[in-house]
Amino acid sequence: MRILLVEDDAVLREVMARSLEHAGHRVDPAESVEDAAHLWRVQPFDAVLLDLNLPQHARAGSTMGSGLAVLREARARGDRTPVLVLTARNRTEERIAGLDAGADDYLGKPFDLAEVEARLRALVRRAIGTDDVATLGRLQLDRRARRFSVGDAPLDLPAREFEVLWELMSPPGHAVHKRTLSDKLSGFDDALGDNALEAFISRLRKKLVGSGAAIRTLRGIGYLLEPEA
């Protein structure tokens, strides 16, 4: 998953980012209201971890006041990215305010990092309507374990090939736009070109031979994972 992590505590932000990256996720950190709002507008994410207690930079024209404002702005423009609110606030009225603003789940500090990741996985599964295990032919994705296999044999993939196949399996049979894949595989300073993406797809096609699954190119659109002919 590509995750927007919005947390003003530098130590906690670093610990959370390392934990999520160790689990195989891509993390884009933000420490202020303005940073969070900007990143959320320009980059698609699979999920957002949002602290409600955020500092506000003294910038001319800024109208943001809290994590709730960032969330309300995103929902107002139709962004339905799953949001897990993280905050030291534990009063009932504040939990309700977060949920009413559009949060999908709520976790008070202190929290267990393993629970944070488990809740994120559950939110994303719910959002895209997928189960823990997806199967096409002999190819299987275990989302909880973050593992691909073909029959009983594990299918070990480099990180970016793994992310491409994950996206194509979420769920299988749906078209994935090139821009979606490029955005998920790129950082803000290392945009992924079409040629690089085609190289990942080409390598995956070779590794999927005999798996019962194949990647089809949809010209002008992107790619589709379908049963192997």
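Residues numbered from 1 in each chain as written. Predicted model: local features only at pLDDT ≥ 70, side-chain atom pairs only at ≥ 80, totals over all residues. Heavy atoms only, no water.

The name an unreviewed UniProt entry assigns to the chain is DNA-binding response regulator, from the organism Pseudorhodoferax aquiterrae.

Engineer: Now, about helix H8 (residues 194-208): what can you tell me, with residues and values included?
Structural biologist: With 15 residues, H8 extends 21 Å from end C-alpha to end C-alpha; this agrees with the ideal 21 Å at 1.5 Å per step. For H8, the full list of buried residues reads Leu 197, Phe 200, Ile 201, Leu 204 and Leu 208. End-on, the buried residues of H8 take up no more than an arc of 95°, which puts them together on one face. Facing away from the buried side of H8 by over 90 degrees, the exposed positions are Asn 195 and Lys 206. Where H8 is buried, its residues contact strand S7 (139-142), helix H6 (159-168), helix H7 (178-185), strand S11 (213-218) and strand S12 (222-227). (Helix = DSSP H or I, 4+ residues; strand = E, 2+ residues; numbered from the N terminus. Expected span 1.5 Å × (residues − 1). Buried < 20%, exposed > 50% of the residue type's maximum accessible area, 1.4 Å probe, protein only. Arc of directions from axis to C-beta. Contact = heavy atoms within 4.5 Å.)

Engineer: Pulling in residues and values, what's your account of the environment of Ala 199?
Structural biologist: Position of Ala 199 relative to the elements: it lies in helix H8. Given the relative accessible area of 28%, Ala 199 is considered partly exposed. A C-alpha to C-alpha distance of 9.6 Å links Ala 199 and Glu 161, two positions 38 residues apart in sequence.

Engineer: Would you mind going over the packing of aromatic side chains in detail, with residue names and values included?
Structural biologist: Within the structure shown, the criterion is met by two aromatic pairs. Consider the rings of Phe 162 and Trp 166, whose centres lie 5.9 Å apart with planes at 35°: the pair is tilted. In this pair, Phe 162 and Trp 166 are both assigned in helix H6, four residues apart and thus about one turn of the helix distant. As far as burial versus exposure is concerned, Phe 162 and Trp 166 are alike and both buried. Ring pairing ties together the aromatic residues Phe 148, Phe 162 and Trp 166, which thus form one cluster. (Phe/Tyr/Trp six-rings, centres within 6.5 Å; stacked < 30°, edge-to-face > 60°.)

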